[in-house]
Amino acid sequence: MTGPEGERGPGADGPGGVRKTGLQGAGRRLTGWLFVLPAAAYLLLFFGYPLAANVSMSLRRYTAATFFTGDAPFTGLRNHTKVLSSGMFREAVVNTVLFTTGSVLGQFAIGLALALFFQRRFPLGGLLRSLLTLPWMLPLVVSGTVWRWMLDPDTGPVDAVLRALHLTSSGVPWLTGTSHALVSVVLVDIWVGVPFTTAVLYGGLQDIPPCLYEAARLDGAGAVRTFRHLTWPLLRPVTGVVLLLSVVYTLKSVDLILVLTGGGPAGATQTLATRAYELSFQQYEFGRGAVLGNVLVAASTVFALVHLRAGRRRAEPVRHREPVREVPA
């Protein structure tokens, strides 16, 4: 910069000024790295290391004896070939797709309907929303145990009500029939996951300005048009997060299925997660169980990348929108 007489101010652009600016920039970068370092260390310690250890385990013959002898010979892709080529893996993949799709779609549809319902203020609405969170707050083992009793064909209240209404003459094998078990598990998982979906979507609805709904009503838009052209577009970012989290939670669901059916009957409810548990903690083939763990991690990563890419595409039109230029009078 220059003074009033055109002379350059002391230390403005000289070597000292450049050196000072460079030190300030380095200090800011160092400060930024110091803020990032704890999070990076946490991710490496609790996510990076277990993932690397799981990949390493899948490449070795890792059994229960390994914990005592330390001997885990390298087998390459032998575990992958044995697990991925088995018929039980293909059946588990189909069950996982059906279980995840049915649970996520059911949770989202019912959760969205309840969120829209609770958007209207009415007496005891807050109390009902609080009671709705109970299934999500209960441990899954407790929920599974209660539902296993309720769906018992001999002593369960569900079949008792159906018999009282003359809808069935004998007990329905909800958890013991190969054609009913997977549907029953999906319905119970929907019951467990609806509160979470409702809470997140309800929070997203609260961020929509009420003045937009007032403008829509003044324009004569009905409920369907308002939802289609106003609520749904503004709720889409929250919707993506809900679907992503629901998919990840459902993919790794183990305890609920184990309590309800144990993966049976005849593998009708065997998913990739329960199959990984069976290989690792019942057959003690930890290397083969790690293979299925890697498959679940890869599937979750694919869904996360799709979600991030979709969010980036929605943000690009806003980011690259050209500024409005004033028209000269």
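The structure under discussion appears in the preceding block.
Residues numbered from 1 in each chain as written. Predicted model: local features only at pLDDT ≥ 70, side-chain atom pairs only at ≥ 80, totals over all residues. Heavy atoms only, no water.

Here we come to the overall build of the protein chain. Of regular secondary structure, the protein chain possesses 14 helices and zero strands. Listing each helix as α and each strand as β along the protein chain from the N terminus yields α-α-α-α-α-α-α-α-α-α-α-α-α-α. The proportion of buried residues among the 329 residues of the protein chain is 32%. Within the protein chain, contacts between residues at least 6 apart in sequence are counted, and of these 64% link residues at least 24 apart. Entry remark: accessible area of the protein chain is about 21000 Å², with carbon and sulfur atoms responsible for 67%. (Helix = DSSP H or I, 4+ residues; strand = E, 2+ residues; numbered from the N terminus. Buried < 20%, exposed > 50% of the residue type's maximum accessible area, 1.4 Å probe, protein only. Contact = heavy atoms within 4.5 Å. Areas by Shrake-Rupley, 256 points an atom, 1.4 Å probe, with all protein chains shown as cover.)

A separate point is the nonpolar core. Ranked by size, the top nonpolar core spans 14 residues in total, and within it F99, W147, L151, V185, V188, L256 and L260 carry the most contacts. Those elements that place two or more of their residues in this core are helix 9 (181–206) and helix 12 (255–260). At seven residues, helix 9 tops the list of elements feeding residues into this core. Once you skip the residues sitting within four places of it in the chain, L151 turns out to touch V158, D159, V172, W174, L175, S184 and V188. Listed in part, the 13 residues of the second largest apolar core include L112, A115, L230 and V242. (Core = buried A, V, L, I, M, F, W, Y, C linked by side-chain atoms within 4.5 Å.)

Let's shift gears to helix 7 (residues 140–150). Buried within helix 7 we find S143, G144 and W147. The buried residues of helix 7 occupy an angular sector of 95° when projected down its axis, which confines them to one face. If you follow the buried residues of helix 7, they end up packed against helix 6 (134–137), helix 9 and helix 12. (Arc of directions from axis to C-beta.)

The next point concerns a nonpolar patch on the surface. A grouping of L124, L127, L128, L131, L134, W136, M137, V241, L245 and Y249 is seen on the molecular surface, where their side chains present a nonpolar patch of about 940 Å² in accessible area. Every element with two or more residues in the nonpolar patch is listed here: helix 5 (125–132), helix 6 and helix 11 (223–251). The topology assignment puts L131 in helix 5. The exposure class assigned to L131 is partly exposed, which follows from its relative accessible area of 47%. (Patch = residues over 30% accessible without salt bridge, like charges linked within 9 Å, V, L, I, M, F, W, Y side chains within 5 Å. Salt bridge = Lys/Arg side-chain N within 4 Å of Asp/Glu carboxyl O.)

Quick look at the layout of surface pockets now. In this structure, the largest pocket encloses a volume near 700 Å³. Lining the largest pocket we find 25 residues, and of these L116, Q119, R120, Y213 and R217 sit closest to its centre. Contributions of two or more residues to the lining of the largest pocket are made by helix 4 (87–119), helix 5, helix 9, helix 10 (210–218) and helix 11. Broken down by element, the residue count for the lining of the largest pocket peaks at five residues, all from helix 11. Split by residue class, the lining of the largest pocket holds 13 nonpolar, seven polar and five charged. In this model, the second largest pocket occupies a volume close to 500 Å³. Lining of the second largest pocket is provided by 17 residues; of these, P50, L51, N54, G293 and V297 occupy positions nearest its centre. Only helix 1 (15–58), helix 13 (272–281) and helix 14 (286–319) provide two or more residues apiece to the lining of the second largest pocket. By residue number, the principal contributor to the lining of the second largest pocket is helix 1, which donates nine residues. (1 Å grid on protein atoms, 1.4 Å probe; cavity = no way out; pocket = protein on both sides within 12 Å on 5 of 7 lines; lining within 4 Å. Points joined across faces, edges and corners; volume = space filled by probe spheres on them. Nonpolar A, V, L, I, M, F, W, Y, C, P; charged D, E, K, R; others polar.)

Further remarks concern the packing of aromatic side chains. Considering all chains together, one arrives at 17 aromatic pairs under this definition. Between F196 and Y249, the ring centres sit 5.9 Å apart and the planes meet at 70°, which makes this aromatic pair edge-to-face. Here the residue F196 occupies a position in helix 9, and Y249 occupies one in helix 11, the gap between them amounting to 53 residues. Ring geometry for Y284 against F286: centres 6.4 Å apart, planes inclined by 50°, an arrangement best described as tilted. (Phe/Tyr/Trp six-rings, centres within 6.5 Å; stacked < 30°, edge-to-face > 60°.)

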